[in-house]
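Below are the chains, spelled out letter by letter.
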Amino acid sequence: MDLLLLGVSHHSAPVDLRERVDFSKRGVVQALQELATSSAPTEAVILTTCNRAEIYVVCENPETTRADLTRFMSRFHGVPEEELRPHLYSLSGSEVARHLFRVAAGLDSLVVGEPQIFGQVKEAYAVASEKQHTGTLLNKLFTWSFAAGKRARAKTGLGEGAVSVAYAAISLARKIFGSLKERTVLVVGAGEMAELTATHLQSQQVRRIAVSSRTLTRADALARKVGGTAVAWSSVDDELLRADIVVTATGASAPLLSASTIDSVMHARRNRPLFIVDIGLPRDVDPAAGELEQVFLYNIDDLRTIISENLARREERTALAEAMICDEVENFAAWQRSRGTIPAVIALRRRFEAVRQSELERLAPKLSGLPPEAKARVEEVTRLLIHKLLMTPTERLKTINDEAVAARYAETISQLFSLDDPAQTEEPQSTEPGNEVSSSTSKTPVTS
C-alpha cells in the first residue's frame, strides 16, 4: 500500500479554478462518502481551503488511483477533465509526507508561516477520522504532520514577522489595537488583495467584517467567503462610522475616500481611533486624511518597509524549518520502511516462541518436582532469553534504509527459519517479557 496525493493550490491554479474545486461548497463529508464508493483508495482525507483542494489517499496502484481521483474531482465539481488536468499536481510515497509536513508548518502557504493552515489540516483529518475514512497509514501521516508542523513553528518562530502586504496590515492593526477579536472591519474592494487581507482578519476572529464594492455581487461573494456582510457602495459612509479598521484595495484610478469625508466621519465618531490601510495602487484614500487626529493611515509603501525589515529574519527561519521538515520526512520514511519487515519480525518471534514452548513441554517431566515459584522462574528466564536474542536482529531489520535490502533480509530469515511453513509458525501470542503465553501451543519437534 502506498501514499498518494492529488490536488490544486495557489501554486498551480488561478483563483477562479480554485473556487470551482472548493470541496466545502458541497461538503467534505459528502465528498469522502462518494470517493469511498467510486474508487479504490482504502483511506482518504480531503483538505480544502481558499488556496488549496487536496486529496490524500492510501492505495495499491498509484497510477490507476491517480486517474480515478482526477475523474472523481472532475465529476464532483462539474469541471471538465481537460480543463482541470493541467492544474493538478500529484505526489506519492515519502513526497506526500514532505508536502503535508510543509503545509502544516506553513511553508507551502501563500503567506509563509501563516497560522490558519495548521488548524485546517487538523480539521480535515478530524472529519475523515470521525467518519472512519482513515486507517493506520493516514493516521500516522497526519498525526506526524501535526508534530512536525508544531515543532517547526515553535523552534524557528516561523510565523513571526509580516512578509506580505496583507499580513503586514494585520500586524500593524494588532500593534494599535492589541487583540482584534472585538473589532469591526470594513473592506473596500473585492479583488485578490482585499480577499487575502479579509481572510487574515477572519483568522483573527474579528467581530464583524463588512465588504463593499462598486459591484455588489462581487462584494457579496467575498463576504460569504469570510463570513461577513456585503454592503452597498452608497452605504460606505455609514460603515465608516462603525468600523475600527478600514482596508481599501480597489485599483480605482482616483481616491475614493477624500480627507473631507474622513474628517466628517471622525467628528461623528467623536474622534474614536480609525485605522486605515490603503493597499490600492493608485491609492484609494486621500493622503491628507493621515494628518487628521486619531486617524492612522498607512499605504502600501509603509507596509513594504515593514516587510523588508522582516524578510531577512524570515529567510533564516524558513531555511531552519525546511531542514527540520527534512529530518521529520526521513524519520517517517524509516517508519514506513520498517512496516515491510514487520511480518518477518512477527513470524520470527512466533518461531522462537514455538521452540521455547516445545522445549518446556519436552522437559515438563523433569521439571514436575520443582515448586511453583521455581517453575515460574524458568518460564520468565526462557521468555527473557528469547526476547534478548531477538532484540538486536529485530531492531536492525526495522532500521534498514534500503527497501530492497530489507526485503532480502526478511526473505533470508524466512527461509532460514522456515517461517513460511504454517506448521512452524502457528504459535500465537506475544513473546514480550511480562506477557502471559497461551497454554494452547503446537508441538514442534526440536532436536536437542
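Residues numbered from 1 in each chain as written. Predicted model: local features only at pLDDT ≥ 70, side-chain atom pairs only at ≥ 80, totals over all residues. Heavy atoms only, no water.

Across the interface, helix α5 (residues 94-105) lies against helix α7 (residues 136-156) with an axial gap of 8 Å and an inter-helix angle of 45°. In terms of orientation, α5 and α7 fall into the oblique class. Here the hand of the crossing between α5 and α7 comes out right-handed. Across the interface between the two elements, Val-96, Ala-97, Leu-100, Phe-101, Ala-104 and Ala-105 of α5 pack against Leu-141, Phe-142, Trp-144, Ser-145, Ala-148, Gly-149, Ala-152 and Arg-153 of α7. Here the residues of the contact of α5 with α7 sort into eleven nonpolar, two polar and one charged. (Axes fitted to C-alpha atoms, helices over the stretch in contact; angles between N-to-C directions. Helix = DSSP H or I, 4+ residues; strand = E, 2+ residues; numbered from the N terminus. Parallel < 35°, antiparallel > 145°, perpendicular 65-115°, else oblique. Left-handed = near helix turned anticlockwise from the far one by under 90°. Contact = heavy atoms within 4.5 Å. Nonpolar A, V, L, I, M, F, W, Y, C, P; charged D, E, K, R; others polar.)

Per the counting criterion, the structure on display carries 23 salt bridges. Glu-379 is paired through a salt bridge with Arg-383; the nearest N and O atoms lie 3.4 Å apart. In this pair, Glu-379 and Arg-383 both sit in helix α15 (residues 372-398), four residues apart, roughly one turn of the helix. Each member of the salt-bridge network shares a partner with another, and the members are Arg-52, Glu-54, Arg-102, Asp-108 and Glu-322. (Salt bridge = Lys/Arg side-chain N within 4 Å of Asp/Glu carboxyl O.)

One way to see where empty space is left: roll a probe the size of a water molecule over the atoms. Using the criterion set out here, one finds two cavities of 30 Å³ or more in the structure. In this structure, the largest cavity encloses a volume near 160 Å³. Elements represented by at least two residues in the lining of the largest cavity include exactly α6 (116-130) and α9 (192-203). Taken together, the residues of the lining of the largest cavity break down into five nonpolar, eight polar and two charged. Looking at the second largest cavity, its volume works out to about 80 Å³. Taken together, Val-15, Arg-18, Cys-50, Asn-51, Leu-110, Glu-192, Glu-195, Leu-196 and Thr-199 make up the full set of residues lining the second largest cavity. At four residues, the largest contribution of residues to the lining of the second largest cavity is made by α9. (1 Å grid on protein atoms, 1.4 Å probe; cavity = no way out; pocket = protein on both sides within 12 Å on 5 of 7 lines; lining within 4 Å. Points joined across faces, edges and corners; volume = space filled by probe spheres on them.)

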